[in-house]
Amino acid sequence: MKKIIAIIMTASLIFAAAGLTVNAAENEWTVYAAAVDYKETYAEDESLPKAPGLRYTDLGVQMYSADDEMLKNMSANAWGTIQTKEKVSYKNGLTMTVLVDSFNNSGADKWISFSIWDSQKISQGAAGHGCGWFCLVRPTSSGCKLESWLCTPTVAMQNLMVGQCETNVYEGEALQFEIKAVDGKYSVFVNGVDMKAGSFVQFMENDEAYIGLTGHQGVREQFCFTITEFNGAVPAGTEAIDPYVPENLIPVPSYEDTPATPEGEPCWLWSAERVKYNVPGIGMTSVVNDDGSLRITFDENMPQINASVRTGSYKAEEFPVWAILFKGLDETDASGVLWYCAGDVYSAQDGSELSVRWDACDYDEDNDTGWRILTVDLGAESTWDGLINGFLLAVASAGTLTDMTADIMWIGFFRSEKEAYEYAGMGDYFARENGLAPATQADTTEAATDAATEPDATAAVTEDVTADAPGTQPSEPEKKNGGGAVIWITAGAVAAIAAVTAVIVAVRRKKK
């Protein structure tokens, strides 16, 4: 009933808005994947970004993702943007009304975003892909949290305000976006809440912008939204676009079909081999060192590494240890947060995160190569269950790394801490510290380095890390889908980070 009422109210708005009503331009909308998922050119055998679908209905224009089964086959969460094909004027004000037809209602990370943008395509949370304003609407059954953000040429997310509205999108209540113009000054409202966003005009010319709506949900379930009103008219047209699906899609292999991981090796490894276009994550760029490691330079944005294990075929309980081999981070005052994803957890969410302290790393004082190892045992975590989906690492949730550099050799999932240390060339050190017999194999950092730089045998069936975004990256295999991942850490998550930082997951103090 509430949904019917919402539709009637939408229609009433259309016919009542005499001051705004215009004849609707036909076929004025199109759909995109995240801006960072696009390249200038594509090889013949490369897949295009996973853009959503579009269709016009009696109620307006609808954006919808691939269906549940296809999302699972692509190892992709639902993400997409519908945006005006051309810039539209907001000089006399502008309105847009949206019904949420299908959207996940679990505790998974998810948001809906209105945007006022200076260019086609958008990647919320990533700098360098246009400028303007966007909001994140985070719906629950009791209302919506509203986050207002400005994106500048260098800062991806400058917070303008955080608010709340009582709208329940799961009961058919509409989301309403409005730009109000008063004497040449502009205000932006979402369901009547002032977004404090008038500063967006500095990035626009002639009072015109691309207007868009983006949806992200951290689950492999279809979403669907209908724009029922735009500037006082019902969007109309005949164009139809199917959600993009790769022509030669290789289904995710089953656990039974996945080759066994040799003893002593990680089941999956993040290294320079997985980084595209010299962008290993948000808030950072990189070059490859002579030893195959990544030299990372951080910018002013909150640095994040988002990794998806596309195979989805390694059991979390068999590989409970997350480990990273690095240089330099222990010399900063930064601490981070690790979101771990397995089973039904496909993206960062509350209850699947732990704090990491870079100064709680280990290294061998007697044979100091400069490399430090930090391990996190996830075995006791209640959500570390099922098949491994990936992780999100906020490198510096506390502290700043702007203009600093660090090196990362690899990040991986191991059967045990002992195996992680041995793989890092610190097997003898681990044995001494734990009263064990020395490792029998030749444990050297150089050997571990060589192993880490060899192509991963699972590379053909794994998703790459992107500065995704919202993301991107000296090798150029297929990009990872998932613009939403890069803004798991926003105003709401920052509060969660503060609460998490009391938990120290690294098991040893740094050696002096």
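What you see is a predicted model; the values in this text were computed from it and never measured.

(A) Broad picture of the confidence of the model for the chain. Residues with a pLDDT of 70 or more make up 79% of the chain, whose mean pLDDT is 83. When the criterion is pLDDT under 50, residues 441-486 qualifies, and its contacts beyond four places in sequence or with other chains add up to 168 contacts. Contacts from residues 488-512, a stretch scored under 50 in pLDDT, to residues over four places away or in other chains number 75 contacts.

(B) Representation of the sheet that holds strand β12 (residues 185-190) in the model. One open sheet holds the eight strands; their spatial order is β13-β12-β11-β6-β15-β3-β2-β16, and the pairing between them is antiparallel. Strand pairing shows two members of the sheet lacking a second neighbour, β13 (193-194) and β16 (240-241), which therefore form its edges. Pairing between β12 and β13: two bridges, direction antiparallel. By the bridge assignment, F189 is partnered in β13 with D194.

(C) Seen up close, the pairing of strand β26 (residues 405-414). Here β26 lies mainly inside the structure; nine of its 10 residues are buried. Sheet analysis places strand β17 (residues 268-270) next to β26, joined by three bridges and oriented antiparallel. Residue pairing across strands places W268 opposite F413, the latter belonging to β26. Relative to β26, strand β19 (residues 294-298) is paired through four bridges, and the arrangement is antiparallel. Within the sheet, the bridge partner assigned to L294 lies in β26 and is I408. In terms of strand pairing, strand β21 (residues 321-327) meets β26 through seven bridges, oriented antiparallel. Each residue of the ladder has a partner; that of L325, found in β26, is W410.

(D) Geometry of the sheet that holds strand β25 (residues 388-398). As summarised here, the arrangement of the four strands in space is β20-β25-β22-β23, forming an open sheet in which the pairing is antiparallel. The open sheet has two edge strands with one neighbour each: β20 (304-308) and β23 (353-357). Taking each pair of neighbouring strands and ignoring which way they run, the sheet shows an average axis angle of 15°. Pairing analysis gives five bridges linking strand β22 (residues 335-342) to β23, with the strands arranged antiparallel. Bridge pairing in β23 places G336 opposite V356.

(E) The arrangement of the packing of aromatic side chains in detail. Per the stated rule, a full pass over the model turns up 23 aromatic pairs. Taken together, a centroid distance of 5.0 Å and an interplanar angle of 85° make the contact between Y90 and Y186 edge-to-face. In this pair, Y90 is assigned in the loop between β5 (88-89) and β6 (94-102) and Y186 in strand β12, connecting sequence segments 96 residues apart. Considered together, Y90 and Y186 belong to a single accessibility category, that of buried residues.

Rules of the game
- Residues numbered from 1 in each chain as written.
- Predicted model: local features only at pLDDT ≥ 70, side-chain atom pairs only at ≥ 80, totals over all residues.
- Heavy atoms only, no water.
- pLDDT = per-residue confidence, 0-100.
- Contact = heavy atoms within 4.5 Å.
- Pairing = 2+ DSSP bridges.
- Helix = DSSP H or I, 4+ residues; strand = E, 2+ residues; numbered from the N terminus.
- Buried < 20%, exposed > 50% of the residue type's maximum accessible area, 1.4 Å probe, protein only.
- Axes fitted to C-alpha atoms, helices over the stretch in contact; angles between N-to-C directions.
- Phe/Tyr/Trp six-rings, centres within 6.5 Å; stacked < 30°, edge-to-face > 60°.

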